[in-house]
Amino acid sequence: MTVAVETGLWQLDTTTSVVAVRHKTMWGLVTVKGTFGVISGQGEVRSDGSAVGTVTLDAASLDTANAKRDKHLRSADFFDVEQHPEITLAVRSDEPRDGDTAQFAGQLTVRGITRPQAFAVRLTEVKGERVTLEAEFTVDREQFGMGWNQLGMMRGPATATATLHFVRSEG
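Going through the model one piece at a time under the given rule, you end up with seven salt bridges. Its salt-bridge partner being K127, residue E125 comes within 3.4 Å of it at the nearest N-O pair. Assessed through its relative accessible area of 27%, E125 is described here as partly exposed. A network of salt bridges, in which partner residues are shared, links D100, R122 and E134.

Here you go:
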């Protein structure tokens, strides 16, 4: 990224960061949206300008504003939160792109299954001890053992979006 971010450790501001998902259902007629209420994370900007980090979501904290659907999403048909309470995205490398964007590569772990995940990240704010990153990527839920699809009503990949605010860490 051409915008300089100070090297060192950065902690996710869990009170202002948002991670959400959306997926088409009812044969593409309805988009179900939800946000994760409990997230944590940290990152490091290395002296060469590269970045690594991890964001962890409490799978049971997904809220789609429908209690019955949320209960089903927590079940073994989907996130299986009893066996796999966390979803983790670990960023292992980044490649600068034009201006304020970079291509991040890492590993996404859902239901204990880890797959490579690449996605574009945009640095939207650098203000002293605070930086904001925005990202969006798609996930094929079947790759993570979530094949439930009654009557074929769920189509295509799910889309994850994140607005992540990091603050400079003292460590």
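Moving on from the model shown.
The next subject is the environment of G34. Within the secondary structure layout, G34 lies in strand β3 (residues 30-36). Between the C-alpha atoms of G34 and V19, which are 15 residues apart in sequence, the distance is 8.7 Å. Excluding residues that lie within four positions of it along the chain, G34 makes contacts with V19, A20, V21, L62, D63 and T64.

Okay, the environment of L12 next. Tracing the backbone shows L12 in strand β1 (residues 8-12). Accessibility expressed as a relative area gives 5% for L12, which makes it buried. In this structure the C-alpha to C-alpha distance between L12 and S40, which are 28 residues apart in sequence, comes to 6.2 Å. Ignoring sequence-local partners within four residues, the contact set of L12 consists of S17, I39, S40, G41, Q42, L164, H165 and F166.

Rules and cut-offs
Residues numbered from 1 in each chain as written. Predicted model: local features only at pLDDT ≥ 70, side-chain atom pairs only at ≥ 80, totals over all residues. Heavy atoms only, no water. Salt bridge = Lys/Arg side-chain N within 4 Å of Asp/Glu carboxyl O. Buried < 20%, exposed > 50% of the residue type's maximum accessible area, 1.4 Å probe, protein only. Helix = DSSP H or I, 4+ residues; strand = E, 2+ residues; numbered from the N terminus. Contact = heavy atoms within 4.5 Å.

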